[in-house]
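An overview of the molecular structure
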Amino acid sequence: MNTFQKSAAAFNRVFMVVMKAPVLDRVLGRSMGILTYTGRKSGKKISLPLAISRKGDHLKVRVAMPDKKNWWRNFTNDGGRVDVDLGGVQYTGLATATRDDRGRVFVDIAVDH
């Protein structure tokens, strides 16, 4: 794990606590959510705070600095199952990561009905 990843992990731990605070959850929950998935190699359950937007039956995540992060690679090719807590509302769905021609990475989550 490089220095950036260690710093991000520490920030995520603190932010996860903040996200679960009742008042802040309502404020931040409009644009910040907690994505939970099972690592494809480790088999461990992992939760991350992320900026998430909702568009119809899809949740969208733009991955900042994707080449310094690994989590989104769990959702390449066939994608992977995720749980999302967005403002206290629970969603499940299939997450798929794509990289555009400009190098940006997006994770699209097709929400289950």
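In this report, we go over the structure that sits alongside the text. The residue count restarts for each chain, going from 1 along the sequence in the order it is written. Side-chain atom pairs in this predicted model are given and counted only at pLDDT of 80 or more, local residue features only at pLDDT of at least 70, and totals for whole chains, interfaces and linings cover all residues. To get the side-chain values, all heavy atoms of the structure are used, and hydrogens and water are removed first.

Details of the packing of aromatic side chains
Two rings from Phe, Tyr or Trp (for Trp, the six-membered ring) form a pair when their centres sit within 6.5 Å of each other. Planes less than 30 degrees apart are called stacked, planes more than 60 degrees apart edge-to-face, and all others tilted. Overall, the coordinates contain two aromatic pairs when judged by the stated rule. Both rings, one in tyrosine 37 and one in phenylalanine 75, keep their centres 5.2 Å apart while their planes meet at 75°; by these two values the pair is edge-to-face. Of this pair, tyrosine 37 sits in strand S1 (residues 32-38) while phenylalanine 75 sits in the loop between strand S4 (58-63) and strand S5 (80-86); the two residues are 38 residues apart in sequence, bridging distant segments of the chain. Per-residue accessibility, obtained with a 1.4 Å probe over protein chains only, is compared with the maximum for each type, and a residue is labelled buried under 20%, exposed over 50%, and partly exposed between these values. A relative accessible area of 5% places tyrosine 37 in the buried class. By relative accessible area, which is 1% here, phenylalanine 75 ends up buried. Strands here mean DSSP runs of E at least two residues long; helices mean DSSP runs of H or I at least four residues long; both are numbered from the N terminus.

Concerning unusual backbone geometry
Backbone geometry at methionine 65 places phi at a positive 50°, although glycine is not the residue there. Looking at where methionine 65 falls in the secondary structure, it is placed in the loop between S4 and S5. Positive phi, normally seen in glycine, also occurs at asparagine 77, with a value near 60°. On the secondary structure map, asparagine 77 appears in the loop between S4 and S5.

Here's the deal with the pattern of salt bridges
Here a salt bridge means any side-chain nitrogen of Lys or Arg lying within 4 Å of a carboxyl oxygen belonging to Asp or Glu. Overall, the coordinates contain four salt bridges when judged by the stated rule. A salt bridge links lysine 60 to aspartate 108, with the nearest nitrogen and oxygen atoms 2.6 Å apart. Of this pair, lysine 60 sits in strand S4 while aspartate 108 sits in strand S7 (residues 105-111); the two residues are 48 residues apart in sequence, bridging distant segments of the chain. Arginine 81 serves as the salt-bridge partner of aspartate 112, at 2.3 Å between the closest nitrogen and oxygen. In this pair, aspartate 112 is assigned in the segment after S7 and arginine 81 in strand S5, connecting sequence segments 31 residues apart.

Looking at the nonpolar core
In this structure, Leu35, Trp71, Phe75, Val84 and Val107 are the most contacted members of the largest nonpolar core, which totals 21 residues. The leading source of residues in this core is S7, at four residues. Among all residues touching valine 107, those that are not within four sequence positions of it are Leu59, Lys60, Val61, Val63, Trp71, Trp72, Phe75, Ala95, Thr96 and Ala97. Here, nonpolar core means buried Ala, Val, Leu, Ile, Met, Phe, Trp, Tyr and Cys residues that are tied together by side-chain atoms lying within 4.5 Å of each other. What makes two residues a contact is simply this: any of their non-hydrogen atoms within 4.5 Å.

Concerning the pairing of S4
Only one face of S4 is covered, namely the face carrying Leu59, Val61 and Val63; the face carrying His58, Lys60 and Arg62 is uncovered. Two strands qualify as a pair provided that DSSP identifies no fewer than 2 bridges between them. Across three bridges, strand S3 (residues 53-55) lies against S4 in antiparallel orientation. Following the sheet pairing, serine 53 is matched in S4 by lysine 60. Counting the residues that bridge the hairpin from S3 to S4 gives two residues, and of these glycine 56 lies at a positive phi of roughly 65°. In terms of strand pairing, S4 meets S7 through six bridges, oriented antiparallel. The residue of S7 that forms the bridge with valine 61 is valine 107.

Topic: the environment of glycine 88
Inspection of the secondary structure assignment puts glycine 88 in the loop between S5 and strand S6 (89-99). C-alpha of glycine 88 to C-alpha of isoleucine 34: the two residues are 54 residues apart in sequence and 9.7 Å apart in space.

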